[in-house]
Amino acid sequence: MDIKVSHCFIIVDDHEKALGFYRDVLGFEVRTDVSYEGMRWVTVVPPGQPDLEITIETPESHPDASPEDKQKEYDLLAKGLLRGLIFTTDDVDAAFEHIRASGAEVLQEPADQAYGVRDCAFRDPAGNMIRLNQPNRKQRA
């Protein structure tokens, strides 16, 4: 049996701000951008993973959610309490400098971790934590 992840989802408060980060800063390709009945379906694709689509959606994308539930989702997003994404890169230090230069909020500068990666962390414009990691240099040698 061959099972793969094809889509993952991230909640944002504004599609355009999110695209400014994922497309313009991280360099992801916009694969889909469709509006339908007041909703918008946007997916971006990392250049090195053309089979993985990251769906960028707002709480408004949930047609069956109550207004109260949508507001709770916005509130959790504003607090930075929703899960984010972890990406790998072959040069976390260069990626860090590129993303920091864009004005993204830095959560953690590059550091070697005891669990075998060198990583850093940012917040996307909606407040989601985005981590970048690479195998620890000591382990790659």
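In this text, all values refer to a predicted model and were calculated from it rather than measured experimentally.

(A) Structural detail: the sheet that holds strand β8 (residues 129-135). Reading across the sheet, the four strands line up as β5-β8-β7-β6 and stay open at both edges, with mixed pairing between neighbours. The sheet terminates laterally at β5 (85-88) and β6 (105-112), the two strands that pair on one side only. The mean inter-strand angle of the sheet, taken between neighbouring strand axes irrespective of direction, is 15°. Note: β5 against β8, four bridges, orientation parallel. Within β8, the residue paired with T88 across the bridge is N133.

(B) Just the pairing of strand β7 (residues 117-123), in detail. Here β7 lies mainly inside the structure; six of its seven residues are buried. Across five bridges, β6 lies against β7 in antiparallel orientation. Its bridge partner being in β7, V106 is matched across the sheet by F122. From the end of β6 to the start of β7, which pair antiparallel, there are four residues, and G116 there has a positive phi angle of about 95°.

(C) Molecular detail of the sheet that holds strand β4 (residues 53-57). Strand order in the open sheet formed by four strands is β1-β4-β3-β2, with mixed pairing between adjacent strands. Here the strands that pair on one side only, and so sit at the sheet edges, are β1 (7-11) and β2 (29-36). Strand-to-strand twist of the sheet, defined as the mean angle between neighbouring strand axes without regard to direction, takes the value 25°. The pairing of β1 with β4 spans five bridges and is parallel. By the bridge assignment, I10 is partnered in β4 with I56. Running at roughly 5° to strand β3 (residues 39-45), helix α1 (residues 15-22) makes contact with β1, β2, β3 and β4 of the sheet.

(D) Broad picture of helix α2 (residues 67-78). The end-to-end C-alpha distance of α2 is 16 Å, a good match for the 16 Å that 12 residues give at a rise of 1.5 Å each. G80 lies just past α2 and shows a positive phi near 75°.

(E) A look at the state of the cysteines. Enumeration according to the criterion identifies zero disulfides in this entry. Looking at the unpaired C120, the closest cysteine sulfur is the one in C8, lying at 18 Å.

(F) Seen up close, the packing of aromatic side chains. This structure, assessed with the given rule, holds five aromatic pairs. Their ring planes at 70° and their centres at 5.9 Å tell us that F9 and W41 sit as a pair that is edge-to-face. Here W41 lies in strand β3 and F9 lies in strand β1, a separation of 32 residues in the sequence. Judged by its relative accessible area of 45%, F9 is partly exposed. With a relative accessible area of 37%, W41 lands in the partly exposed category. Members of the aromatic cluster, connected to one another through ring pairs, are F21, Y22, F28 and F87.

Parameters at a glance
- Residues numbered from 1 in each chain as written.
- Predicted model: local features only at pLDDT ≥ 70, side-chain atom pairs only at ≥ 80, totals over all residues.
- Heavy atoms only, no water.
- Pairing = 2+ DSSP bridges.
- Helix = DSSP H or I, 4+ residues; strand = E, 2+ residues; numbered from the N terminus.
- Axes fitted to C-alpha atoms, helices over the stretch in contact; angles between N-to-C directions.
- Buried < 20%, exposed > 50% of the residue type's maximum accessible area, 1.4 Å probe, protein only.
- Contact = heavy atoms within 4.5 Å.
- Expected span 1.5 Å × (residues − 1).
- Disulfide = S-S within 2.5 Å.
- Phe/Tyr/Trp six-rings, centres within 6.5 Å; stacked < 30°, edge-to-face > 60°.

In short, the description is geometric, and any link to function would need to be established separately.
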